[in-house]
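Spelled out, the chains give:
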Amino acid sequence: MTLTVNGERREVADGLTVATLVGELGVRGRVAVELNGEVLRQAQHPEVTLREGDTLEVVTFVGGGA
Amino acid sequence: MDDALVIAGKRFGSRLLIGTGKYPSHEVMKRCHEASGAEIVTVAVRRLDLGAKGEASLLHWIDTRRMTLLPNTALCYTADDAVRTCRLAAELGMSKWVKLEVLGDERTLFPDVEQTVAAARTLVKEGFTVLPYTSDDPVTARKLEDAGCAAVMPLAAPIGSGLGIRNPHNIRLIREVVKVPVIVDAGVGTASDVAIAMELGCDGVLLNTAVAGAKDPVRMAHAMKLAVEAGRDAFLAGRIPRKAYGSASSPLEGLVD
């Protein structure tokens with residue numbers, strides 16, 4: 001199935017959970033995920049199964065200041 | 001002498017708040033944080049770089065046992081975007097403290113205070129501890145306090161400009177009209193700017209570029225630490241009145257002929 005992750009289209013296996021997708025992205029450290037405009041709680045990541053056409057924003061902390 | 005900065009009931013030993021942007025390297029940033037003595041650090045929330053596999057995360061370089069993370073909404077231009085960023089930050093950071101920043105102009109990076117107040121109201125309702133970046137306008141500062149913000153953070157000058165405190169009179173008025181901590185946020189260039197903010201009675205200073213962009217960032221971080229302490233002490237000590245003419249501090253009697 002096809003997802004949009006951070007603005008990029010991405011082919012992934014059917015039935016993937018959010019947690020598995022995050023693992024496949026090779027993330028080190030904590031991320032937050034917004035699925036179709038709704039922010040997911042961390043506890044939801046292993047529970048939510050992705051569907052064809054889903055749009056995700058995967059964010060992390062970066063340097064920034066005033 | 002206990003002179004802690006208290007924000008939303010949480011005590012901090014340092015009145016300096018520091019950013020994590022624009023340092024020459026993560027190593028230099030970490031050393032600057034140590035030299036500054038700051039206990040609150042701002043961080044930004046951005047899309048994960050999908051191309052940068054395995055890169056150590058920013059948090060690897062921040063001592064989160066000693067430092068309180070303050071995620072910002074930098075470069076948000078609407079209340080909705082800022083609120084969305086705060087919700088993501090809460091899931092990322094395990095706390096609901098945020099530096100609210102809603103900009104209104106790309107050239108000056110001045111805040112859109114109308115959107116800022118709107119976002120603050122929503123965030124406070126959702127249980128966030130909100131520290132808003134704002135203009136040096138006492139009326140807006142009071143609105144933000146009324147909205148339930150835990151502090152107000154007026155700018156000294158445009159973000160990253162290093163121009164110093166452009167309107168000390170307004171900063172002093174803000175300190176008079178609100179009860180929550182007043183933290184000067186943005187625009188300081190060097191240690192004397194920080195000392196002036198503290199001498200005006202501000203409760204703290206938040207800065208980033210003045211340290212990150214200095215020739216020797218670690219040394220400037222240390223200078224900022226001293227400036228915050230010196231300015232705070234001078235404020236508490238109470239300065240002498242300004243006089244138009246000289247007033248000798250040595251005895252007038254007993255001069256040798």
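Look a little higher up for the structure.
The notes below deal with the structure included here. Every chain begins its residue count from 1, and numbering advances along the sequence as written. By the order in which they are written, chains take letters starting at A while ligands take numbers starting at 1. Local features are withheld for residues below a pLDDT of 70 in this predicted model, meaning they are given only at 70 or higher, and side-chain atom pairs are given and counted only at 80 or more; totals for whole chains, interfaces and linings count all residues. Think of the side-chain values as coming from all heavy atoms in the structure, minus any hydrogens and water.

**So, empty space enclosed by the protein**
Residue and element names in this part refer to chain B.
Then comes step 1: Put plainly, a pocket is an open set of points on a 1 Å grid over the protein atoms alone with protein on both sides within 12 Å along at least five of seven lines, a cavity is a set where a 1.4 Å probe fits but cannot get out, and a lining residue has an atom within 4 Å of a point. Grid points are joined across faces, edges and corners, and a volume is the space filled by probe spheres set on the points. One pass over the full model with this rule turns up 1 cavity of 30 Å³ or more.
Then comes step 2: Space inside the largest cavity adds up to approximately 80 Å³.
Then comes step 3: Along the walls of the largest cavity sit 13 residues, with Gly160, Gly187, Val188, Asn208 and Thr209 positioned nearest its centre.
Then comes step 4: Looking at the lining of the largest cavity, the elements with two or more residues in it are β10 (204–207) and α7 (209–212).
Then comes step 5: Grouping the constituent residues of the lining of the largest cavity by class yields 7 nonpolar, 6 polar and no charged. The way it works is that DSSP assigns letters per residue, a run of H or I at least four long becomes a helix, a run of E at least two long becomes a strand, and they are numbered from the N terminus. Three classes are used: nonpolar for Ala, Val, Leu, Ile, Met, Phe, Trp, Tyr, Cys and Pro, charged for Asp, Glu, Lys and Arg, and polar for all others, with Gly counted as polar.

**A short note on helix α5 (residues 168–177) of chain B**
Residues and elements named next belong to chain B.
Then comes step 1: Burial status follows relative accessibility: with a 1.4 Å probe on protein chains alone, a residue under 20% of its type maximum counts as buried, one over 50% as exposed, and anything between as partly exposed. If you check which residues of α5 are buried, you get Asn170, Ile171, Ile174 and Arg175. Down the axis of α5, the buried side of the element spans an arc of 145°, and every buried residue falls inside it. Along α5, the residues that are exposed and aim more than 90 degrees away from the buried face are His169 and Glu176.
Then comes step 2: Contacts were defined at the residue level, with two residues in contact if any of their heavy atoms lie within 4.5 Å. Here the buried face of α5 lies against α4 (138–146), β8 (153–154) and β9 (183–185). The directions considered for the arc are those from the helix axis to the C-beta atoms.

**Structural notes on the packing of helix α1 (residues 26–36) of chain B against helix α8 (residues 217–237) of chain B**
Residue and element names in this part refer to chain B.
Then comes step 1: Lines fitted to the C-alpha atoms define the axes, with helices restricted to the stretch that makes contact. Angles between their N-to-C directions range from 0 to 180 degrees. Relative to each other, α1 and α8 sit at 20°, their axes nearing to 7 Å. Judged on the interaxial angle alone, α8 and α1 are roughly parallel. For the pair α1 and α8, the crossing hand works out as right-handed. Contacts between α1 and α8 involve Val28, Arg31, Cys32, Ala35 and Ser36 from the former and Pro217, Val218, Ala221, His222 and Lys225 from the latter.
Then comes step 2: Of the residues contributing to the contact of α1 with α8, the split by class is 6 nonpolar, 2 polar and 2 charged. To sort the angles, those under 35 degrees are grouped as roughly parallel, those over 145 as roughly antiparallel, those from 65 to 115 as roughly perpendicular, and the leftovers as oblique. For any helix crossing, the convention is left-handed if the near helix is rotated counterclockwise from the far helix by under a right angle, and right-handed if that rotation is clockwise.

**What to know about the environment of Gln115 of chain B**
Residues and elements named next belong to chain B.
Then comes step 1: Relative to the assigned elements, Gln115 resides in helix α3 (residues 113–125).
Then comes step 2: With relative accessibility at 26%, the residue Gln115 sits in the partly exposed group.
Then comes step 3: Leave out the neighbours within four places in its chain, and Gln115 touches Thr78, Ala79 and Val102.

**Some words on the pattern of salt bridges**
Then comes step 1: Within this document, salt bridges are pairs made up of a side-chain nitrogen of Lys or Arg and a carboxyl oxygen of Asp or Glu, the two lying within 4 Å of each other. On inspection of all chains with the given rule, the structure shows 11 salt bridges over all chains.
Then comes step 2: When salt bridges with common partners are traced through the structure, they connect Asp3, Arg15 and Arg232 of chain B into a single cluster.

**Some points on the packing of aromatic side chains**
In this description, a pair of aromatic rings is defined by centroid distance and the angle of the planes.
All names here are of chain B.
Then comes step 1: Two rings belonging to Phe, Tyr or Trp (six-membered ring only in the last case) form a pair when the distance between their centres is within 6.5 Å. Interplanar angles under 30 degrees mark stacking, angles over 60 mark edge-to-face geometry, and anything in between is tilted. Applying the stated criterion to the full structure yields 1 aromatic pair over all chains.
Then comes step 2: Whether a charge lies above a ring is judged from NZ of Lys or CZ of Arg, which has to be within 6 Å of the ring centre and within 35 degrees of the ring normal. Of note, Lys10 hangs over the ring of Trp97, and the distance from its end group to the ring centre comes to 5.6 Å.
Then comes step 3: Geometry around Phe128 places Lys96 over its ring, the cationic atom sitting 4.7 Å from the centre.

**Notes on the state of the cysteines**
All names here are of chain B.
Then comes step 1: Cysteine sulfur atoms that come within 2.5 Å of each other are treated as a disulfide pair. Within the structure shown, the criterion is met by 0 disulfides over all chains.
Then comes step 2: For the unlinked cysteine Cys86, the closest cysteine sulfur is that of Cys76, found at 7.6 Å.
Then comes step 3: Judged by relative accessible area, which is 1%, Cys86 ranks as buried.
Then comes step 4: Counting only cysteine sulfurs, Cys149 is the nearest neighbor of Cys202, a cysteine outside any disulfide, at a range of 16 Å.
Then comes step 5: Among the residues examined, Cys202 registers a relative accessible area of 0% and is labelled buried.

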